[in-house]
Amino acid sequence: MFCPLLLSCFFYQAERMKIAQDYPLDGHNTFGLQAKARWFIEYESEDDLQRILHDEYFHSLQSLHIGKGSNLLFVGDVDGIVLHSAIRGIELAGETDDAILLRVGAAEIWDDVVACAAEKGWGGIENLSLIPGETGAAAVQNIGAYGAEIKDAIETVEAYSRLTSEKRIFTNESCWYDYRYSFFKDERNEPYIITRVTLRLAKHPALRLEYGDLRAQVDADSSPTPAGVREAVIAIRRQKLPDPSELGNAGSFFMNPLVSPSHFAQLKRDFPDMPSYPAGDGRVKLSAGWLVEQCGLKGKRSGNVGTYPHQALVIVNYGQATGHEIARFAEHIREQVKQRFDVRLIPEVKYVGQEMPGR
């Protein structure tokens, strides 16, 4: 069936919008999985996005908006429309004596943004260096690492409603940020597509070095800078995590679980060496990687799928694995952790395929 939306887009601005049918998605997920989208549209402006969102045919199909695909597990083809932003740009949006406001296009590679800020000496996101993906998706996921989260730097998020095509500017508070959670990630909320993110960065930053390995890496520098912290983070990550271009993976596959104080007290009695971190609201955050490792699953391999030998929380594609193989392996890990610790691991990776929600 030919798509009226794509026909109108083609004649309207064919040079500005990428349109394809039966489009391969192996280059749009860091697991390197083979999957196809019935339709793929890449837009370069907010006007293009609004034109898509106003189209009746678009709303008659299931749709999925993706970034770099560093948090996706394709368990099948996408029988609908896959959207991808090509809205780029990093611009100065404001400045005070203490801070810089940086307005970033959703399609900008996140690590390029961190590199730009660190080079200028602007602090707040250097701990998030080398995290794969694009800026819009980073704001959706509330990415975090080494004691920092992107929410700590977000000033506003510009987004368009999938339902009404109206633009809304979200304040940091209205994004509802929590650990690996945001308004945009909750499927109970009205669905939005992020187009730009404004970051508030410090001119005289208080660097976060609480993470043990990070402090040790930068202690030799008596006057650490955002650039120095960035270099340290990159060095640590390269030691512990595989490069997706060489070994398919989506980074940490599971979120660190949050448990009640009473549950943690029981676990601590049985496992005195269990690491933990305060998580607010009285909850306690556990290390998912530690739980997986204690089950003897670090470096475990089954066919083309396994956990990375240097980081138990990372599931890797060693060859021509399918999404279903990876999903089954992940479920095995969840069962083992549940059986030993009575703790439920929740995937940080989003499963996508034939059963994709129609939003």
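Residues numbered from 1 in each chain as written. Predicted model: local features only at pLDDT ≥ 70, side-chain atom pairs only at ≥ 80, totals over all residues. Heavy atoms only, no water.

1. Remarks on the overall build of the protein chain
Along the protein chain, the regular secondary structure elements total ten helices and 20 strands. Expected size for 359 residues packed as a compact globule is a radius of gyration near 21 Å; at 21 Å, the protein chain falls within 12% of this value. With respect to the principal axes defined by its C-alpha atoms, the protein chain has extents near 65 × 55 × 35 Å. Taken across its 359 residues, the protein chain has 51% of its residues classed as buried. Looking at the protein chain alone, contacts between residues at least 24 apart form 63% of all its contacts between residues at least 6 apart. Within the structure as shown, the protein chain displays about 16800 Å² of accessible surface, and the carbon and sulfur contribution to it stands at 46%. Looking at charge distribution, the protein chain has the averaged site of its 39 positive side-chain charges lying 4 Å from that of its 49 negative ones. (Helix = DSSP H or I, 4+ residues; strand = E, 2+ residues; numbered from the N terminus. Rg over C-alpha atoms; globule rule 2.2 N^0.38 Å. Buried < 20%, exposed > 50% of the residue type's maximum accessible area, 1.4 Å probe, protein only. Contact = heavy atoms within 4.5 Å. Areas by Shrake-Rupley, 256 points an atom, 1.4 Å probe, with all protein chains shown as cover. Lys, Arg positive; Asp, Glu negative; His and termini not counted. Charge placed at Lys NZ, Arg CZ, Asp CG, Glu CD.)

2. Some points on the packing of helix α4 (residues 110-120) against helix α7 (residues 226-240)
What describes two packed helices is the angle between their axes and the distance between those same axes. α7 packs onto α4 with a crossing angle of 145° between their chain directions and a minimal axis gap of 8 Å. Between α4 and α7, the residues in contact are Asp-111, Val-114, Ala-115 and Ala-118 and Pro-226, Ala-227 and Arg-230, respectively. Taken together, the residues that form the contact of α4 with α7 break down as five nonpolar, no polar and two charged. (Axes fitted to C-alpha atoms, helices over the stretch in contact; angles between N-to-C directions. Nonpolar A, V, L, I, M, F, W, Y, C, P; charged D, E, K, R; others polar.)

3. Some thoughts on the nonpolar core
Core analysis: the largest hydrophobic core is formed by 40 residues, its most contacted members being Trp-110, Ile-125, Phe-184, Leu-199 and Leu-214. Among the elements of the structure, β7 (99-105), α4, α5 (135-141), β10 (154-161), β12 (192-202), α6 (212-218) and α7 are those that each provide at least two residues to this core. The element contributing the most residues to this core is β12, with five residues. Counting 34 residues, the second-largest nonpolar core is a separate cluster that includes Leu-267, Ala-312, Ile-315 and Ile-326. (Core = buried A, V, L, I, M, F, W, Y, C linked by side-chain atoms within 4.5 Å.)

4. Observations regarding the pairing of strand β18 (residues 305-308)
Sheet topology note: the strand β17 (residues 301-302)/β18 ladder contains two bridges and is antiparallel. In the strand pairing of β18, Arg-301 is matched with Gly-306. The antiparallel hairpin formed by β17 and β18 contains two residues in its connecting segment, where Gly-303 sits at a positive phi of about 65°. By the bridge criterion, four bridges tie β18 to strand β19 (residues 311-317) in an arrangement that is antiparallel. (Pairing = 2+ DSSP bridges.)

5. Looking at the pairing of β7
Burial analysis of β7 places six of its seven residues in the buried class, the great majority of the element. Direction of pairing for β7 relative to β12: antiparallel, over a ladder of seven bridges. Across the sheet, the residue bridging to Leu-101 is Arg-200, located in β12.

6. Describing the packing of aromatic side chains
Under the counting rule described, the total for this entry stands at twelve aromatic pairs. Through a chain of ring-to-ring contacts, the aromatic side chains of Phe-170, Trp-176, Phe-183, Phe-184 and Tyr-192 assemble into a single cluster. Geometry around Phe-183 places Arg-168 over its ring, the cationic atom sitting 5.7 Å from the centre. Its end group placed over the ring of Tyr-318, Arg-301 keeps NZ or CZ at 4.2 Å from the ring centre. (Phe/Tyr/Trp six-rings, centres within 6.5 Å; stacked < 30°, edge-to-face > 60°. Lys NZ or Arg CZ within 6 Å of the ring centre and 35° of its normal.)

7. Focus on α7
Here α7 spans 21 Å end to end across 15 residues, near enough to the 21 Å set by a 1.5 Å rise per residue. Among the residues of α7, those classed as buried are Pro-226, Val-229, Arg-230, Ala-232, Val-233, Ile-234, Ile-236 and Arg-237. (Expected span 1.5 Å × (residues − 1).)

8. Details of unusual backbone geometry
What is expected of a backbone is that most residues other than glycine have negative phi and most peptide bonds are trans. The phi torsion at Tyr-146 lies on the positive side, around 50°, for a residue other than glycine. Considering the arrangement of structural elements, one finds Tyr-146 in the loop between β8 (144-145) and β9 (148-149). Positive phi outside glycine occurs at Asp-342, with the angle close to 55°. Looking at the element boundaries, Asp-342 is found in the loop between α10 (323-341) and β20 (350-352). A relative accessible area of 45% means that Asp-342 is categorised as partly exposed.

9. A few points about the sheet that holds strand β2 (residues 36-43)
Paired through backbone hydrogen bonds, the strands of a sheet run either parallel or antiparallel to each other. Taken in spatial order, the four strands line up as β1-β2-β5-β3 in an open sheet, and their pairing is mixed. Strands with a single pairing partner mark the edges of an open sheet, and in this sheet they are β1 (18-24) and β3 (63-66). Each strand axis lies, on average, 25° off the axis of its neighbour in the sheet, ignoring direction. Two elements, β2 and strand β5 (residues 78-85), share six bridges in a ladder whose sense is parallel. Counted as the bridge partner of Phe-40 is Val-82 from β5.

10. Notes on the environment of Lys-68
By secondary structure assignment, the location of Lys-68 is in the loop between β3 and β4 (72-74). Note on Lys-68: relative accessible area 40%, which makes it partly exposed. It is 26 Å that separates the C-alpha atoms of Lys-68 and Arg-334, two residues lying 266 residues apart in sequence.

11. Brief notes about the confidence of the model for the protein chain
Here the protein chain averages 91 in pLDDT, while 93% of its residues score no lower than 70. Every residue in residues 9-14 is under pLDDT 50, and counting partners more than four places away or in other chains gives seven contacts. Considering only residues more than four positions removed or in separate chains, one finds that residues 355-359, a stretch of pLDDT under 50, has 15 contacts. (pLDDT = per-residue confidence, 0-100.)

12. Considerations on the pattern of salt bridges
Within the structure shown, the criterion is met by 20 salt bridges. The partner of Arg-180 in a salt bridge is Glu-348, with the nearest N and O atoms 3.3 Å apart. Remark: Glu-348 occurs in the loop between α10 and β20 and Arg-180 occurs in the loop between β11 (167-171) and β12; sequence separation between them is 168 residues. Residue classification places Glu-348 among the buried positions, given a relative accessible area of 15%. The network of salt bridges with common partners includes Glu-46, Glu-91, Arg-103, Glu-158, Lys-167 and Arg-196. (Salt bridge = Lys/Arg side-chain N within 4 Å of Asp/Glu carboxyl O.)

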